[in-house]
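These are the residues of each chain, in order.
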2 protein chains.
Amino acid sequence: MNKIENDLFLRACKRLPVDRTPVWIMRQAGRYLPEYRAIRQKYDFLTLCKTPDLAAEVTIQPVDIIGVDAAIIFSDILVIPEAMGMALSIEDGTGPVFAKPIRDESDAASLKDIDPGTDLKFVMDALSVTKKELNNRVPVIGFSGSPWTLLTYMVEGRGSKNFSQVKSLIFRNPKLAHKLLEKLAKAVAGYLSAQLESGANAVQIFDTWGGILSPEDYREFSLEYIKMIIASMKKNDEPVIVFSKGVHQSFSELASSGADVIGLDWTVDIGTVKRQIGNDVALQGNMDPTVLYADKAKIKKEVKRILQSYANAANDNRDSAGSGNSGGHIFNLGHGILPDIEPENARAFVEFVKEESIKQHSAIAV
Amino acid sequence: MNKIENDLFLRACKRLPVDRTPVWIMRQAGRYLPEYRAIRQKYDFLTLCKTPDLAAEVTIQPVDIIGVDAAIIFSDILVIPEAMGMALSIEDGTGPVFAKPIRDESDAASLKDIDPGTDLKFVMDALSVTKKELNNRVPVIGFSGSPWTLLTYMVEGRGSKNFSQVKSLIFRNPKLAHKLLEKLAKAVAGYLSAQLESGANAVQIFDTWGGILSPEDYREFSLEYIKMIIASMKKNDEPVIVFSKGVHQSFSELASSGADVIGLDWTVDIGTVKRQIGNDVALQGNMDPTVLYADKAKIKKEVKRILQSYANAANDNRDSAGSGNSGGHIFNLGHGILPDIEPENARAFVEFVKEESIKQHSAIAV
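Cut-offs used in this document
- Residues numbered from 1 in each chain as written.
- Chains lettered and ligands numbered in written order.
- Predicted model: local features only at pLDDT ≥ 70, side-chain atom pairs only at ≥ 80, totals over all residues.
- Helix = DSSP H or I, 4+ residues; strand = E, 2+ residues; numbered from the N terminus.
- Rg over C-alpha atoms; globule rule 2.2 N^0.38 Å.
- Buried ≥ 20, exposed ≤ 12 C-beta atoms within 10 Å, placed from the backbone.
- Least-squares fit on C-alpha atoms with pLDDT ≥ 70 in both.
- Contact = placed C-beta atoms within 7 Å.
- pLDDT = per-residue confidence, 0-100.
- Pairing = 2+ DSSP bridges.
- Axes fitted to C-alpha atoms, helices over the stretch in contact; angles between N-to-C directions.
- Core = buried A, V, L, I, M, F, W, Y, C linked by C-beta atoms within 7 Å.
- Nonpolar A, V, L, I, M, F, W, Y, C, P; charged D, E, K, R; others polar.
- Parallel < 35°, antiparallel > 145°, perpendicular 65-115°, else oblique.
- Left-handed = near helix turned anticlockwise from the far one by under 90°.

Some remarks on the overall build of chain A
Reasoning step 1: Helices and strands together make up the secondary structure of chain A, namely 16 helices and nine strands.
Reasoning step 2: Relative to its length of 366 residues, chain A is compact, with a C-alpha radius of gyration of 20 Å against a globular reference of 21 Å.
Reasoning step 3: The C-alpha extent of chain A, read off along each of the three principal axes, is 60 × 45 × 40 Å.
Reasoning step 4: Relative to its 366 residues, chain A shows a buried fraction of 54%.

Written out as structure tokens, the structure is:
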């Protein structure tokens, strides 16, 4: 593979020294960008996902327009259940809808095993086109939903407030839930491996709904399957990021899951987490996405606060353990960027991370 | 005041010895009960809140039908903004709606100061009727929304996914946000004091949206005002419960807020929290409300698990600090009971807490 010009993101994932903190934004190829909306006016969401040239185009937009240090392939986590045979539609206002959710053994039996290379070839093609057009300027991240998060959508069928259906399933028929989760874990492991083979330089597992579970249920129904995926993926040294949104009492377990990077939402202080789990994994996050509604002075202040919190903890860890790490942080929002954010503010956010972290890294370098 | 027959709830709030763990259920007077639905068929929600005899009737229903150890006055947190002059409607499917949300200084100027005793007299009257009809069988809990949670509804105007409006307010115009929060804190302190004077034996502050803030913002925009309320309330020794849903890195600060009891949602392990904060406050919670969809064997297993987790931590705290506390736990769900739960399962849940905690308390009593 050719050398990547800006490899800060990959170095930070591996906790190698960096001269500044890399930054990207979850959902950075999205509706807040006029350039993205211009394309979406002509094609619906799933067409965009399934047309490699278009997917590559919107994947690269934020690299050029916002200045992020990594691209993430434009796709949707629900392409896996769709490939398994579930009819998926994206309804305006409602979001994704599965007309026939999975609720019992016979529904489950209708799901077919997938071969990611053929059933999700459009994602692999999108990665190839993206790699070619990006020309190694920055790394490209592949991704998948976690088995638990995919199961949640498959059982609920649409967005949910209380997740009554999927909770009923795990509490009333845990055997079926585990059977489905295992099937999904195999599919996800194959899918992520195929993305790496198609040129992705790292992968992220989005466990968007990990946080609706108690710590005990999280371990049983989500974390175990994430560990299974990481252990069975075919990979070289490409980093794996796990983002279990809303999960906050399981960081130590996540740190020994095999993940290289743990994603944090904005409801935790990143320094507190770093002190708790030490230096064995990198951390990604964690600014409140709504801070981008504020003026630039406030955005800058918040960027500095998070960088400082991380740096203080890194220094404390060094003091106590004898070996700290001033890197190991990938800046990001704590959740996806919202569709009504001004692109100008996203750009300023990225610029502040770059400027402020350079100052800080030179101050705390050994 | 006359002696309350079953005062387990109040004793547990004060961390006094109890021979079993008391239990009540958030939103226990609600739609899952056919007896409640029968009344709601005849009257709309706000009429029910504002008619003391009806409010008292539904307040007492779960004491008789489910067997809980405390009643909580039937009302809604939004009666305060309504009393301040905001037109409130409850729309089917949408929930509560304020037609004219508060977004700027001139909106804020239109809010009047309230005198809870007169402006919210219907709540005080409902408490008086409830006290009389309950005849001191169990304590009655009064409640209010926290200033932050009330502000959230007042600024958003209706349910929200990303809370863009209220976040924009605190990040762009923190001065106005603080002015509104202070006004609300004064109103809430007066309102809770009046409820105690009207016969409530304890009060709970519902900070339903505390968890959408970063720990730093939670401190500034929510916790400070909760502390202000507790410090300025007129009260004797009635316990104050604070339930900041989704807040999980601020338990130590909550423990020194002046609250007697901290409410926990189901995304934390109660034993882990007890070990962290010690024995100076009681804990309330924390079963996942969706466990009530399961069969009785699973409900019982989960009740036992939570009781055991608390007991183990209480024993550890005793070992290390020299004085533990086998009480100090009020069993509850981690959020309100869902409207499609079988009353039979709610009843079984309450019964399991009683049965299992008696065994445990006799096993660990000193």
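Description of the relation of the copies chain A and chain B
Reasoning step 1: Each copy superposes on the other: chain A lies on chain B with an RMSD of 0.0 Å after a rotation of 180° and an axial shift of 0.0 Å. Here the transformation between the copies is reduced to the relation of a two-fold axis. Residue H248 of chain A, judged by its C-alpha, is the member of chain A lying nearest the rotation axis, at 3.7 Å.
Reasoning step 2: Most of the interface of chain A is mirrored in chain B, where 100% of its interface residues again form contacts.

A word on the confidence of the model for chain A
Reasoning step 1: Across chain A, the average pLDDT comes to 95, with 96% of residues at 70 or higher.
Reasoning step 2: The complex model carries a pTM of 0.96, and its ipTM stands at 0.94.

A word on the sheet that holds strand β4 (residues 140–145) of chain B
Residue and element names in this part refer to chain B.
Reasoning step 1: Sheet architecture is open: seven strands sit in the order β1-β4-β5-β6-β7-β8-β9, paired in parallel fashion. Among the strands making up the open sheet, the edge pair consists of β1 (71–72) and β9 (329–333).
Reasoning step 2: Seen against the sheet, helix α8 (residues 121–134) touches β1 and β4 and runs at an angle of roughly 155° to β4.

Thoughts on the pairing of strand β3 (residues 95–98) of chain B
Residue and element names in this part refer to chain B.
Reasoning step 1: Pairing of strand β2 (residues 88–91) with β3 involves four bridges; the strand directions are antiparallel. From the neighbouring strand, S89 faces β3, where its bridge partner is V97.
Reasoning step 2: Here β2 folds back onto β3, and the loop between the two strands holds three residues, one of which, G93, carries a positive phi near 90°.

Some details on the nonpolar core
Reasoning step 1: The biggest cluster of nonpolar side chains holds 243 residues, and the ones touching the most others in it are I73 and I141 of chain A together with I73 and I141 of chain B.
Reasoning step 2: Once you skip the residues sitting within four places of it in the chain, I73 of chain B turns out to touch T59, V123, A126, L127, T130, V140, I141, G142, F143 and A200 of chain B.

So, the interface of chain A and chain B
Reasoning step 1: Facing 27 residues of chain A, the contacting portion of chain B comprises 27 residues.
Reasoning step 2: In terms of residue class, the side of chain A that touches chain B is made up of nine nonpolar, 11 polar and seven charged.

Quick notes on unusual backbone geometry
Excluding glycine, most residues fall at negative phi; most peptide bonds, likewise, are trans.
Reasoning step 1: Backbone torsion omega between G285 of chain A and N286 of chain A reads -5°, so that peptide bond is classified as cis.
Reasoning step 2: Looking at where N286 of chain A falls in the secondary structure, it is placed in strand β8 (residues 282–287).
Reasoning step 3: Despite not being glycine, R15 of chain B has its phi angle at roughly 60°, a positive value.
Reasoning step 4: Turning to its location among the elements, R15 of chain B is positioned in the loop between α1 (8–13) and α2 (34–40).
Reasoning step 5: Residues other than glycine seldom take positive phi values, yet N136 of chain B does so here, at roughly 65°.

Focus on the packing of helix α9 (residues 147–156) of chain B against helix α11 (residues 174–197) of chain B
All names here are of chain B.
Reasoning step 1: It is the contact of α9 with α11, at a shortest axis distance of 9 Å, that shows an interaxial angle of 120°. Judged by the inter-axis angle, α9 sits oblique to α11. Between α9 and α11 the crossing geometry is right-handed. Packed against α9, whose contacting residues are P147, W148, L150 and L151, the element α11 presents L180, L181, L184, A185 and V188 at the interface.
Reasoning step 2: When the residues that make up the contact of α9 with α11 are grouped by side-chain class, the tally is nine nonpolar, no polar and no charged.

Describing the sheet that holds strand β1 (residues 71–72) of chain A
Residue and element names in this part refer to chain A.
Reasoning step 1: An order of β1-β4-β5-β6-β7-β8-β9 is seen for the seven strands of this open sheet, with the pairing classed as parallel. The open sheet is flanked by β1 and β9 (329–333), the only strands paired with a single partner.
Reasoning step 2: Pairing analysis gives five bridges linking β8 to β9, with the strands arranged parallel. Within β9, the position partnered with Q284 by the bridge is I330.
Reasoning step 3: Where helix α8 (residues 121–134) meets the sheet, its contacts fall on β1 and β4 (140–145), and the angle it forms with β4 comes to roughly 155°.
Reasoning step 4: Sheet strands touched by helix α12 (residues 215–232): β5 (202–207) and β6 (240–244). Its angle to β5, the strand with the most contacts, is close to 165°.

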